[in-house]
Amino acid sequence: MTRIAVIDAHPDPSPSRFGHALVDAYVNAASAAGHEVREVRLAGHHIPILESRKQWVEEDVPATVRPGQDAIKWAEHIVFYYPLWMGDMPALLKAFVEQAFRPNFALDYGEEGKRHVPKKLLGGRSARLIVTMGMPALFYRAYFAAHSVRSFERNILKLTGIAPVSTSLIGNVDSSEGHRKRWLKKIAALGAAGD
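Quantities reported herein were computed from a predicted structural model and do not represent experimental measurements.

**What about the overall build of the chain?**
Scanning the chain from N- to C-terminus turns up seven helices and seven strands. When the helices and strands of the chain are read in sequence order from the N terminus, they spell out β-α-β-α-α-β-α-β-β-β-α-α-β-α. In terms of C-alpha radius of gyration, the chain reaches 17 Å, essentially the compact-globule figure of 16 Å for 195 residues. The principal-axis extents of the C-alpha atoms in the chain amount to approximately 55 × 40 × 30 Å. By sequence separation, contacts in the chain at least 24 residues apart represent 76% of the contacts at least 6 residues apart.

**Let's talk about the pattern of salt bridges**
It is possible for side chains of opposite charge to pair when their charged atoms get near one another. The full count for this structure, using the stated rule, is ten salt bridges. A salt bridge links Arg41 to Asp8, with the shortest nitrogen-to-oxygen separation between them at 3.5 Å. Separated by 33 residues along the polypeptide, Arg41 in strand E2 (residues 36-41) and Asp8 in strand E1 (residues 3-8) bring together distant segments of the chain. In this structure Asp8 comes out as buried when scored by relative accessible area, which is 0%. Measuring nitrogen to oxygen at the nearest pair gives 3.6 Å for the salt bridge that ties Glu98 to Lys94. In this pair, Glu98 and Lys94 are both assigned in helix H4 (residues 91-100), four residues apart and thus about one turn of the helix distant. We classify Glu98 as partly exposed; its relative accessible area is 27%. On the accessibility criterion, Lys94 (39% relative accessible area) is partly exposed.

Cut-offs applied
- Residues numbered from 1 in each chain as written.
- Predicted model: local features only at pLDDT ≥ 70, side-chain atom pairs only at ≥ 80, totals over all residues.
- Heavy atoms only, no water.
- Helix = DSSP H or I, 4+ residues; strand = E, 2+ residues; numbered from the N terminus.
- Rg over C-alpha atoms; globule rule 2.2 N^0.38 Å.
- Contact = heavy atoms within 4.5 Å.
- Salt bridge = Lys/Arg side-chain N within 4 Å of Asp/Glu carboxyl O.
- Buried < 20%, exposed > 50% of the residue type's maximum accessible area, 1.4 Å probe, protein only.

Functional significance is not addressed by these values, which are geometric in nature.
See below:
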């Protein structure tokens, strides 16, 4: 069985959001299959943005971010869910990632930052990105080259040692009820498999 951290990064806490239903489907199926799951919902939590390198290096991680850090450190597999907003992750997730992936948590820069290539501290973990969007997912892949998802995968997750990273891009989220039900079933199957 797998230890799984699920980060629900939809900024809107309303239970009517389809993304929260996707997270519930994943978590419920994973738990039913015997996986250990820790779920962290970012909605409703104030996560301050970083304004300087000094803050990033010297200040304490905000209390609202620590449960997410603990879950990531504990996990063997990490699932990040977020809606695509203006072509990228929502600001709440970006703030969380900047705060959580601090020196000596995600990367070791060596004494006084002297290491030219930082040591990856989050190796041994895999990840899945589940991303919802209003446009067709094929259009996002073909026209936009899934740029923001690829950036998150390459420049944050793989950079810190998290690999492999799989993606589930869910387009046309406001289309039909049948479309949503099919995706809920697919995400539940991933949860049951611990993927």
